[in-house]
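Below are the chains, spelled out letter by letter.
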Amino acid sequence: MYNGGQAGLTFWSPNVNIFRDPRWGRGQETPGEDPAVSGRYAAAYVRGLQQPYGGAGRHGGHTRLKTAACCKHFTAYDLDSWSGTDRFYFNAIVTPQDLEDTFNVPFRSCVVDGRAASVMCSYNQVNGVPTCADESFLRGTIRGNWHLEGYIVSDCDSVDVFYRDQHYTRTHEDAVAATLRAGLDLDCGPFLAVYTEGAVAQRKVSDADIDAAVTNTVIVQMRLGMYDGDLATQPFGHLGPQHVCTPAHQELALEAARQSVVLLKNDGAALPLSRAAHHTVAFVGPHSQATVAMIGNYAGQPCRYTTPLQGIGRYVKTTLHQAGCTDVACQGGNQPIAAAVDAARRADATVVLLGLDQKVEAEGLDRTSLLLPGRQAELVSAVAKASKGPVILVLMSGGPVDIAFAQNDRKIAGILWAGYPGQAGGQAIADVIFGHHNPGGKLPVTWYPQDYLQKAPMTNMVMRADPARGYPGRTYRFYTGPTIHPFGHGLSYTKFTHTLAHAPAQLTVQLAGHHAAAASSLNTTKHLGHAAADVRVSHARCEGIPVHVVVKNVGDRDGAHTVLVYASPPAAAAAAHGAPARQLVVFEKVHVPAGGVVRVEMGLDVCNELSVADRDGVRRIPVGEHTLTIGELTHLVTLGVEQLAV
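Residues numbered from 1 in each chain as written. Predicted model: local features only at pLDDT ≥ 70, side-chain atom pairs only at ≥ 80, totals over all residues. Heavy atoms only, no water.

- Per an unreviewed UniProt entry, the chain goes by the name Fibronectin type III-like domain-containing protein and belongs to Triticum aestivum.

## Section: the overall build of the chain
Consideration 1: Regarding its fold elements, the chain presents 17 helices and 28 strands.
Consideration 2: Here the chain has a C-alpha radius of gyration of 26 Å; the compact-globule value for 646 residues is 26 Å, and the two agree.
Consideration 3: Viewed in the frame of its principal axes, the chain has a C-alpha envelope of about 75 × 60 × 55 Å.
Consideration 4: Restricting to contacts in the chain with at least 6 residues of sequence separation, those with at least 24 account for 76%.
Consideration 5: A total accessible area of about 26,200 Å² is found for the chain, and carbon and sulfur atoms account for 53% of it. (Helix = DSSP H or I, 4+ residues; strand = E, 2+ residues; numbered from the N terminus. Rg over C-alpha atoms; globule rule 2.2 N^0.38 Å. Contact = heavy atoms within 4.5 Å. Areas by Shrake-Rupley, 256 points an atom, 1.4 Å probe, with all protein chains shown as cover.)

## Focus: the UniProt feature "domain: Fibronectin type III-like" (unreviewed entry) in the chain
Consideration 1: Residues annotated by UniProt as "domain: Fibronectin type III-like" (unreviewed entry) correspond here to residues 561-634.
Consideration 2: Within residues 561-634, the helical portion is 15% and the strand portion 57%, while the C-alpha atoms at the span's ends are 18 Å from each other. (UniProt positions renumbered as here; feature names shortened; annotations may be inferred.)

## Some details on the environment of R474
Consideration 1: Summarising the element assignment, R474 is placed in the loop between α14 (425-433) and α15 (475-478).
Consideration 2: Judged by its relative accessible area of 0%, R474 is buried.
Consideration 3: In sequence terms R474 and T179 are 295 residues apart; their C-alpha atoms lie 32 Å from each other.
Consideration 4: Aside from chain neighbours lying at most four places away, what touches R474 is R20, D21, R23, Y448, Y452, A456, P457, M458, N460, V462, M463 and Y479. (Buried < 20%, exposed > 50% of the residue type's maximum accessible area, 1.4 Å probe, protein only.)

## Examining the sheet that holds strand β7 (residues 125-126)
Consideration 1: Ordered by their spatial adjacency, 3 strands build an open sheet running β5-β7-β8, and the pairing between neighbours is mixed. Taken across any chain shown, the strands that pair with only one partner, and hence form the sheet edges, are β5 (91-92) and β8 (129-130).
Consideration 2: Two strands pair when backbone bridges link them, and β5 and β7 are joined in this way by 2 bridges, in the parallel orientation. Across the sheet, the residue bridging to N91 is Q125, located in β7. (Pairing = 2+ DSSP bridges.)

## Considerations on the nonpolar core
Consideration 1: Core analysis: the largest hydrophobic core is formed by 110 residues, its most contacted members being L393, V394, L395, I403, I433 and W447.
Consideration 2: Among the elements that make up this core, the one with the highest residue count is strand β14 (residues 391-396) (6 residues).
Consideration 3: Looking at which domains feed residues into this core, each of domain 1 (3-233) and domain 2 (245-469) gives three or more.
Consideration 4: Apart from the residues within four sequence positions on either side, L395 is in contact with L354, L372, I403, I415, L416, W417, A418, G419 and W447.
Consideration 5: One finds V535, I545, V551 and L628 within the second-largest nonpolar core, a separate group that totals 30 residues. (Core = buried A, V, L, I, M, F, W, Y, C linked by side-chain atoms within 4.5 Å. Domains from an automatic or database assignment.)

## Describing the domain arrangement of the chain
Frequently, the measure chosen for interface size is the accessible area that the parts lose on association.
Consideration 1: According to the domain assignment, the chain consists of domain 1 (3-233), domain 2 (245-469) and domain 3 (496-643).
Consideration 2: In this structure, domain 1 and domain 2 have C-alpha centres spaced 35 Å apart.
Consideration 3: Between domain 1 and domain 2, the residue contacts involve 30 residues of the former and 31 residues of the latter.
Consideration 4: Between domain 1 and domain 2 the total buried area reaches about 2,700 Å² when both faces are included, carbon and sulfur atoms providing 54% of it.
Consideration 5: Of all residues in domain 1, P22, R23 and Q28 bury the most surface against domain 2, accounting for 29% of the area lost on that side.
Consideration 6: In this structure, the connection of domain 1 to domain 2 is made through 23 residue pairs in polar contact (both at pLDDT 80 or more).
Consideration 7: At the level of secondary structure, the elements contributing two or more residues to the side of domain 1 that touches domain 2 comprise β3 (81-82) and α2 (96-103). (Buried area = accessible area lost by both parts, 1.4 Å probe. Polar contact = N/O pair within 3.5 Å; in protein donor to acceptor, adjacent residues only side chain to side chain.)

## Examining helix α5 (residues 158-165)
Consideration 1: Counting buried residues in α5 gives 6 out of 8 residues, a clear majority hidden from the surface.
Consideration 2: Considered for burial, the residues of α5 that qualify are S158, V159, D160, V161, F162 and Y163.
Consideration 3: Looking at the packing, one finds that the buried side of α5 touches β6 (118-121), β8, β9 (151-154), α6 (172-182) and α7 (191-201).
Consideration 4: Just past α5, the residue H167 takes up positive phi, approximately 55°.

## Details of the environment of Q454
Consideration 1: Mapping Q454 onto the fold places it in the loop between α14 and α15.
Consideration 2: Classification of Q454 as exposed rests on a relative accessible area of 62%.
Consideration 3: As a C-alpha pair, Q454 and P486 span 32 residues in sequence and 19 Å in three-dimensional space.

## Observations regarding the pattern of salt bridges
Consideration 1: This structure, assessed with the given rule, holds 29 salt bridges.
Consideration 2: A salt bridge links R469 to D466, with the shortest nitrogen-to-oxygen separation between them at 3.0 Å.
Consideration 3: Residue classification places R469 among the exposed positions, given a relative accessible area of 71%.
Consideration 4: Through salt bridges that share partners, R26, E29, D80, R87 and E363 make up one connected network. (Salt bridge = Lys/Arg side-chain N within 4 Å of Asp/Glu carboxyl O.)

## Focus: the state of the cysteines
Consideration 1: Scanning all chains against the criterion turns up 6 disulfides.
Consideration 2: One disulfide in the model links C156 with C188; its S-S distance is 2.1 Å. Between C156 and C188, the S-S dihedral sits near 70°, and the bridge is therefore right-handed. Placement of the pair is C156 in the loop between β9 and α5 and C188 in the loop between α6 and α7, with a sequence separation of 32 residues.
Consideration 3: When its relative accessible area of 31% is taken as the criterion, C156 is described as partly exposed.
Consideration 4: In this structure C188 comes out as buried when scored by relative accessible area, which is 14%.
Consideration 5: Each disulfide pairs two cysteine sulfurs, and for C325 the partner residue is C330, the sulfurs being separated by 2.0 Å. (Disulfide = S-S within 2.5 Å.)

## Looking at α6
Owing to its 3.6 residues per turn, the α-helix brings residues three or four apart onto one side.
Consideration 1: Counting buried residues in α6 gives 8 out of 11 residues, a clear majority hidden from the surface.
Consideration 2: Among the residues of α6, H172, E173, A175, V176, A177, T179, L180 and A182 are the ones counted as buried.
Consideration 3: Buried-residue contacts for α6 involve α4 (135-145), α5, α7 and α8 (207-223).
Consideration 4: Where α6 ends, the next residue or the one after it, G183, has phi of about 120°, a positive value.

## Considerations on unusual backbone geometry
Consideration 1: F74 connects to T75 through a cis peptide bond whose omega is 0°.
Consideration 2: At the junction of L271 and P272, the peptide bond is cis and its omega measures out at 0° in the coordinates.
Consideration 3: Residue position: P272 is located in the loop between β10 (262-266) and β11 (280-284).
Consideration 4: Phi angles above zero are rare outside glycine, and H147 is one such case at about 60°.
Consideration 5: Looking at the secondary structure, you find H147 in the loop between α4 and β9.
Consideration 6: Accessibility expressed as a relative area gives 57% for H147, which makes it exposed.
Consideration 7: A positive phi angle, close to 50°, is found at Y298, a residue other than glycine.
Consideration 8: Looking at the secondary structure, you find Y298 in the loop between β11 and α10 (308-313).
Consideration 9: Judged by relative accessible area, Y298 falls into the exposed class, the value being 57%.

Here it is as structure tokens:
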């Protein structure tokens, strides 16, 4: 696309903000609510997009880049427009602890592990300071601590927003000075182009400030080869229109959609449906002929669409199609629910495909409810009551939905969540329903009940629960209330078992350098009557813990399985520091044939995976008994401290 003059080489992606609140309209862009998943996703996404090559050279030791990625939106940014508060005015009050162990985790991985070429600061303020004018964030954390090799860019018109809407500075020139001195390099918008000269004339900005910003930006352009002459002579100069929408790329879109489908319910092994037994299928719902809705937001032009109706039609002799709702909103008394009920009554099985779309959740549009829109739930229940065969509910949405009514309805035998599955989504959904693909997806977010919303205002950024005030906490790491489906939930058409093949029962943490003999290196924290001994990560020598798990497929179908390893700190540390009750620390996905066995070898880094952030945002390794949970297995690892002589 670049070679054809249709695009640039810098892409402001990925969005790695934590999906903290289930109402967030942009949650669909993110990898979910878990810091470990988001961090691993961020690094992999960036490496895949940038594809660094060539090693050091005349570009100041920087590797060359195929394209440049940008991790956004730094930081604590996950509110668009809710109950009179929008992202342009919102001041996120965030503790150092929540910044360290939640909000900043994926950005650190993006820069440190993925080596992203760019980071984007967000519209909102954090603790009273616009992120694009926060020197401790930009110069201190991103460039100083994480050693960003690239540029920091504003979200579009962010500088204008904090001047004009947030009234953070008195003059335009003060806004320029605030943001350049903080470490911003590039402005998405005209603000710096218009007012920087005046800021220099008023001596509010120095030549050095501008030189640094220009240097950081141009170096990335150089690494992209934008000054290297004829495109045809460059490493990717051969790429052109013939490489767009190839069969291999379209097959990849289909496979990605298949792998992302999550099986939420399968009573009586109703799924997969049988082509031999289900000749006539009623296919109903406002998403039954979805096209654009399947790609969600921030997507390119698809090569082609395969609608759900087209996908189902490839498997069955007769399809009885009725929309059931005139659109996703499904409001008003003129909805064609009766026609859908009649189709279900005449079919061997019924598939209902509904959910959300960009008119319900989107950038600039947060949800006010977790329930299905309009009369969608009425449609599902009416169809289920009338159907003589199994009823399968398929949901398309970016965020979680309270579908308790369907979970508890014995007439609804199966439920699938397809997210926004992309151009091949219709084929992928049909492949799962009829067993051509065995689903192995897991939920990346907690599915809360509707009444959760009354207890957790979107403007409350605190992750940890506060029972005394009735605040339930956020995500599976801190919320312990009832769920529709928990984080990590996902069924399969087969069954897997785990056996722990290898993991240490005891481990000694050695203190590094001059900290080895310091009595203060072993800290004892007291909080609410609990005492916890721990070691600062900065004082420890980090090492890995090998964890080997044997996964056996005891069913009769080949399938993919994700091994999820959770860690829980010693109880005293959890109480003293407000540590998560459990935290996903490592995960691996494997394919296991029916009756087969696969040994999965993983490693845990003690400093990264078994540490907790204290209330000041300092990483500490609790001494004592840590618990690893892997499916139905639990394993105890006792950490001690070795005091070495200097």
